[in-house]
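What follows is each chain in one-letter form.
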Amino acid sequence: MRISAIDVGNIIKTLDEFDNTNTFIMREIPQTILESKKLPFAQITFLGNSPFDYASNFKRGELSESQIDIYVKDNKIGEKLTNSVEKALKNSDFEVYFTDFDTNYEYDFQVLRFRVRRYQIIKVRL
């Protein structure tokens, strides 16, 4: 699978706080969720694949990147989820290379943001 966002979303859904109802993989967050303020919820976005890595004139692999935005009520919950997400990703092939904690003033949420990447070996089937 070359789109890492799907794999990242499945990892996020293994956490106790997340399931299919509050994890949005490569799609917009429904307005009803934003207005109801049922927290936490997560949005996973695919950022793309890097140019291919070649070896012996064959495509060997690529870096695939995704972004995780987790919406929480306050910093305390955000800190707890930061530890949970980093622990879950540590046990996978993903590397967290950027984290940020921001405020969404329109809906009064705290937004925990992770950018993750993994090196994927491309399997060529003949």
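Computed from a prediction, not measured in an experiment: that's the story for all the values here. (Residues numbered from 1 in each chain as written. Predicted model: local features only at pLDDT ≥ 70, side-chain atom pairs only at ≥ 80, totals over all residues. Heavy atoms only, no water.)

Enquirer: Looking at this model, I keep getting lost on the nonpolar core. Mind explaining?
Expert: If you look at soluble globular proteins, the nonpolar side chains tend to sit buried side by side. Judged by nonpolar contacts, the single largest core of 20 residues is most densely connected at I12, I44, I68 and I70. Elements supplying a minimum of two residues to this core: α1 (4-12), β2 (41-49), β4 (58-72), α3 (75-90) and β6 (109-121). Ignoring any residue separated from it by four or fewer positions in sequence, one finds I70 in contact with F18, F41, A42, L81, V85, Q110, V111, L112 and F114. Formed by 9 residues, the second largest nonpolar core is a distinct cluster that contains F24, L34, F41 and V111. (Core = buried A, V, L, I, M, F, W, Y, C linked by side-chain atoms within 4.5 Å. Buried < 20%, exposed > 50% of the residue type's maximum accessible area, 1.4 Å probe, protein only. Helix = DSSP H or I, 4+ residues; strand = E, 2+ residues; numbered from the N terminus. Contact = heavy atoms within 4.5 Å.)

Enquirer: Help me out: how do you make sense of the side chain of Q43 in this one?
Expert: Take Q43: it is sitting in strand β2. In this structure the side chain of Q43 is engaged in a polar contact, spanning 3.1 Å, whose partner is the backbone oxygen of R27. Discounting chain neighbours no more than four positions away, the residues touching Q43 are F24, R27, E28, I29, Q67, I68, D69 and Y71. (Polar contact = N/O pair within 3.5 Å; in protein donor to acceptor, adjacent residues only side chain to side chain.)

Enquirer: Got a minute to help me understand the environment of R115 in this structure?
Expert: Positionally, R115 belongs in strand β6. R115 gets classed as partly exposed once you look at its relative accessible area, which sits at 32%. R115 sits 20 residues away from E95 along the chain, and the two C-alpha atoms are 8.5 Å apart. Sequence-distant contacts of R115, that is, excluding residues within four places in its chain, are made with L47, S66, Q67, E95, V96, Y97 and F98.

Enquirer: Would you take a moment to explain the pattern of salt bridges for this structure?
Expert: Should their charged atoms come close, side chains of opposite charge can pair. Within the structure shown, the criterion is met by 5 salt bridges. Here R118 and D7 are joined by a salt bridge, their closest N and O atoms 2.6 Å apart. Note that R118 is positioned in strand β6 and D7 in helix α1, a separation of 111 residues in sequence. According to the relative accessible area criterion, R118 is buried, its value standing at 11%. Under the relative-accessibility criterion, D7 is labelled partly exposed at 24%. Between R117 and E95 there is a salt bridge, and its shortest N-O distance comes to 3.1 Å. One end of the pair, R117, is in strand β6; the other, E95, is in strand β5 (residues 95-104), with 22 residues separating them in the sequence. (Salt bridge = Lys/Arg side-chain N within 4 Å of Asp/Glu carboxyl O.)

Enquirer: Would you mind going over the pairing of β6 with me for this structure?
Expert: In regular strands, side chains alternate between the two faces of the sheet. In this structure, β5 lies alongside β6, joined through 9 bridges in antiparallel fashion. Within β6, the residue paired with F98 across the bridge is R115. From the end of β5 to the start of β6, which pair antiparallel, there are 4 residues, and D108 there has a positive phi angle of about 60°. (Pairing = 2+ DSSP bridges.)

Purely geometric numbers; function is a separate question.
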